[in-house]
Amino acid sequence: MTDVRPGASGPDRPSAARAEGRPTPPRSGWLVVYALLAPAIILPLWVSLYDRETPTFLSFPFFYWFQFLLIIVAVALTGPAYLLTRRLERSDRVAHGLPPEPPAEGPTTSGPGPRGGAQ
Amino acid sequence: MIDHVDGVAFGVFIFLFLLVTVLGFAAARWRSGGNSLDSLDEWGLGGRGFGTFIAWFLIGGDIYTAYTFIAVPATLYAGSVVGFFAVPYTIVVYPLIFLFLPRLWSVSHRHGYVTPADFVQGRYDSRALALVVALTGILATMPYIALQLVGMQVVLQVMGIGTGSSNWFVKDLPLFIAFVVLAAYTYSSGLRAPALIAFVKDTLIYIVILVAVFYIPHQIGGWDHVFSTVSSSFSKFNADNAKGIAAGTAAGKGTMPPGVAQWAYSSLALGSALALFMYPHSVTGVLSTRSRSVIRRNAALLPAYSFLLGLLALLGFVAIAAGVKVDNPQQSVPQLFKEQFSPWFAGVAFAAIVIGALVPAAIMSIAAANLWTRNIYRAFINRNATHSQEARQSKLVSLVVKFGALFFVLALSNSFAINLQLLGGVWVLQTLPAIVVGLYTRWMHRWALFAGWAAGMAWGTWLAYGVASPVQSHFGGPLVAFPGTDTKVYIALLALILNLIVTVVLTVVLRAMHVAEGTDGTRPQDYHVDAGDIGVEDELDPGLPAHA
């Protein structure tokens, strides 16, 4: 789950190889991502759930503090979802005929770049 | 013309305004790496190289605009809590950005797309569909820019500048000056100007809001006092106006949405969230990022602004509790700052709001200008336009768009600026089937999408036209009763439902009739590529199928 930048040669080699050698079905991984993101979409839209005065918190009515809480919940769920997609992207890329990592990093690098041996 | 102006507040304001003006012009050299601004990638997308940090400020500046600072607290001040929907709206929008926009980023970078209409052209091979997507984007952006100008106007009024004259030109002279300065540095620096100014804007705004939400409630007796004062004030209003409320000539006030308004609240939040990233300016912000992961990381980081937005909205209540009395609710928060802060800090606060209007106005006019250049000028007028001709067109059109927005401000009632933006939201949401659905499947037929768009636009505009409010007989609000019920919902979502029904039905019909569906210029792989992949840096002609 480490946030490894593509192209940072050393540490990401094993994980890239793993994605290449044993392509886990991305579908089920993406379901976890959707499940993580779903509360951040459904709860804010479910207004009858929180359209009330009590219980208050620091004298804020429930209606207000619950929505502030939802912001924190959304952030807490999006973070893990982001880390998860970084792995899923690799198998997605392989499934679409791309190398697991882009051969070079950054739009300013023209051509395959110094580490461009991947393809 | 300058009566009753506090010299200290005015001096601080002018100093900060001049600072961002200098930054705006200096931005032309920032991160340019010696590249000239003679192409749309440089002028219109800032070189497509913004990382997480800059993108956070830039996209934040896109989403949280003067609308945030003026209109949302204004609705709370006026006792219409439905305006607080801005908070759930800015929660819901990020998971959507997280899921959809990396695909748009990839396909756009592989094919050199600058606008959402470029993508529609490449995907559906339909110049007509791309044209209407572009026109809708331009049309929807103008009232959004207008909203920023309204925000600036309100601050200038509260500062006491420009209210003294009955001559409309002299009255709005400061607005014109700010406007001309904005136009000039956008023209010369492109997207780099708002990206650089966004740093100053957000720093100022964070300071102002944090001070405001801790210092002012403390001064007037705490949040407990704020909420109790507001509810008793609203109860008194409702008792005094009971007859009018029963007859429907006055609106009841409350600190919480009434049960019947729950669908209005959630449909506004969902509709606005879906509409947000159909706006050309948010697409511009997203396409200016360096890689796919910058977008996803930002979807996790941007909600920090939503917290601020919620606190800011509550300043509408704080203004009531602090005894702020203004006829125009939009002036409530600037007036609160003027009364509660020492003059120098009030100057900082006013500058923060005005700069907060300049940043999105610049991005929006750039995005609208890109649409014109790529999807109208290049597609229909000069099919062999060079990069420098494209950049020159965009620069000129960015000026035209800003004057179009000024027309909106002068011609339409700006009593509730929020409704202008909501009308734009109705229109822009009708491009969702072509853009978002198109990112996943090409099942929908190009002419069905065209017909669906036309139906949604026509019905949405018609519904909005029919909404009356106490101050205007048309375009009075964003809500209508769902057909066959009394439940009010956001017009944009209703129009989108019609749009989707028409599109699906006609797709089935057109496919059965074997009507030509054009050539898809994109491949499944294009939706997954990232920075560094083969072909991602190449500027390809979007009119041609890639890798043919």
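What you see is a predicted model, and the numbers here were worked out from it, not measured in a lab. (Residues numbered from 1 in each chain as written. Chains lettered and ligands numbered in written order. Predicted model: local features only at pLDDT ≥ 70, side-chain atom pairs only at ≥ 80, totals over all residues.)

## Re the overall build of chain A
For clarity, the threshold we go by: Secondary structure is summarised from DSSP: a helix means a run of H or I of at least four residues, a strand means a run of E of at least two, and numbering begins at the N terminus for each.
Counting its secondary structure elements, chain A contains three helices and zero strands. Reading the helices (α) and strands (β) of chain A from amino to carboxyl end gives α-α-α.

## Considerations on the overall build of chain B
Basically, it comes down to this: Residue burial is a threshold on neighbouring C-beta atoms within 10 Å of the residue's own C-beta, all placed from the backbone, with 20 or more meaning buried, 12 or fewer meaning exposed, and counts in between meaning partly exposed. A pair of residues counts as a contact when their C-beta atoms, built from backbone coordinates, are within 7 Å of each other.
Secondary structure assignment for chain B yields 23 helices and two strands. Burial status across chain B gives 60% buried among its 548 residues. Long-range pairs, those at least 24 residues apart, make up 82% of the contacts in chain B with a sequence separation of at least 6.

## A closer look at the interface of chain A and chain B
When the parts of a complex come together, some accessible area is lost, and that lost area is often taken as the interface size. Keep this limit in mind: Here the term charged refers only to Asp, Glu, Lys and Arg, the term nonpolar to Ala, Val, Leu, Ile, Met, Phe, Trp, Tyr, Cys and Pro, and the term polar to all other amino acids, Gly among them.
With 41 residues of chain A at the interface, the matching set in chain B holds 40 residues. For the side of chain A that touches chain B, the secondary-structure elements that each account for two or more residues are α2 (26-45) and α3 (62-95) of chain A. A class-by-class count of the residues in the side of chain A that touches chain B yields 22 nonpolar, 13 polar and six charged.

## Quick look at the packing of helix α17 (residues 332-340) of chain B against helix α18 (residues 343-381) of chain B
Residue and element names in this part refer to chain B. Selection rule: Helix axes are fitted only over the stretch in contact, all axes being lines through C-alpha atoms; the angle between N-to-C directions runs from 0 to 180 degrees. Angle categories: roughly parallel below 35 degrees, roughly antiparallel above 145, roughly perpendicular from 65 to 115, and oblique for all the rest.
The contact between α17 and α18 brings their axes to 9 Å, and the two run at 160 degrees. By the angle between their axes, α17 is roughly antiparallel relative to α18. Between α17 and α18, the contacting residues are Pro334, Phe337 and Lys338 on the first element and Ala346, Ala349, Phe350 and Ile353 on the second. Of the residues that constitute the contact of α17 with α18, the class distribution is six nonpolar, no polar and one charged.

## Focus on the packing of α3(A) against helix α5 (residues 86-111) of chain B
Put simply, α3(A) and α5(B) touch, their axes get as near as 9 Å, and they point 10 degrees apart. When the interaxial angle is binned, α3(A) and α5(B) end up roughly parallel. Every residue of α5(B) that contacts α3(A) at A:Gln67, A:Leu70, A:Ile71, A:Ala74, A:Thr78 and A:Ala81 is listed here: B:Val87, B:Pro88, B:Ile91, B:Tyr94, B:Pro95 and B:Phe98.

## Focus: the nonpolar core
Under the convention used in this document: In plain words, the nonpolar core is the set of buried Ala, Val, Leu, Ile, Met, Phe, Trp, Tyr and Cys residues that C-beta atoms within 7 Å link up.
One finds B:Val318, B:Phe350, B:Val354 and B:Leu358 to be the most contacted residues of the largest nonpolar core, which totals 198 residues. Excluding residues that lie within four positions of it along the chain, B:Leu358 makes contacts with B:Val20, B:Leu182 and B:Ile197.

## Focus on the confidence of the model for chain B
All names here are of chain B. Put simply, the rule reads: pLDDT measures the predictor's confidence residue by residue and takes values from 0 up to 100.
Looking at chain B, pLDDT values average 81 and 88% of them are 70 or higher. Taking the mean pLDDT of every element in chain B, the minimum, 63, falls on helix α8 (residues 168-171) and the maximum, 92, on helix α23 (residues 491-512). The model gives residues 538-548 a pLDDT under 50, and that stretch makes 17 contacts with residues more than four places away or in other chains. With pTM at 0.83, the complex prediction returns an ipTM value of 0.83.

## With respect to unusual backbone geometry
The backbone of A:Leu58 shows a phi angle near 50 degrees, a positive value even though the residue is not glycine. As for its position among the elements, A:Leu58 is in the loop between α2 and α3. Assessed through the 8 C-beta atoms surrounding it within 10 Å, A:Leu58 is described here as exposed. Non-glycine residue B:Asp125 carries a positive phi angle of around 55 degrees.

## Things to note about the environment of B:Pro143
Residues and elements named next belong to chain B. Position of proline 143 relative to the elements: it lies in helix α7 (residues 127-159). Taking the C-beta count within 10 Å as the criterion, proline 143 has 23 such neighbours and is therefore assigned buried. Considering only alpha carbons, one finds proline 143 and phenylalanine 407, 264 residues apart in sequence, at a separation of 9.4 Å.

## Points about α23(B)
Put simply, the rule is: Multiply 1.5 Å by the residue count of a helix minus one, and that product is the helix's expected span.
If you check α23(B), its first and last C-alpha atoms are 32 Å apart, about what 22 residues at 1.5 Å a residue would give, namely 32 Å. Of the residues trailing α23(B), B:His514 is marked for its positive phi of about 55 degrees.

## Focus on the confidence of the model for chain A
Residues and elements named next belong to chain A. Confidence in the prediction of chain A, expressed as mean pLDDT, is 70, and 65% of residues score 70 or more. Per-element confidence in chain A is highest for α3, whose mean pLDDT is 87, and lowest for helix α1 (residues 9-21), whose mean pLDDT is 42. Every residue in residues 1-23 scores below 50 in pLDDT, and together they form 27 contacts with partners more than four places removed in sequence or on other chains. Every residue in residues 106-119 is under pLDDT 50, and counting partners more than four places away or in other chains gives 27 contacts.

## What about the environment of B:Gly221?
Residues and elements named next belong to chain B. Within the secondary structure, glycine 221 is located in the loop between α10 (192-219) and α11 (222-240). Judged by C-beta crowding, with 13 C-beta atoms within 10 Å, glycine 221 ranks as partly exposed. In this structure, the C-alpha to C-alpha distance between glycine 221 and phenylalanine 98, residues 123 residues apart in sequence, is 41 Å.

## Let's talk about helix α21 (residues 432-440) of chain B
Taken residue by residue, α21(B) has B:Leu432, B:Pro433, B:Ala434, B:Ile435, B:Gly438 and B:Leu439 as its buried positions. Its buried side turned inward, α21(B) meets α5, α6 (116-124), α7, α13 (262-276), α22 (446-465) and α23 of chain B.

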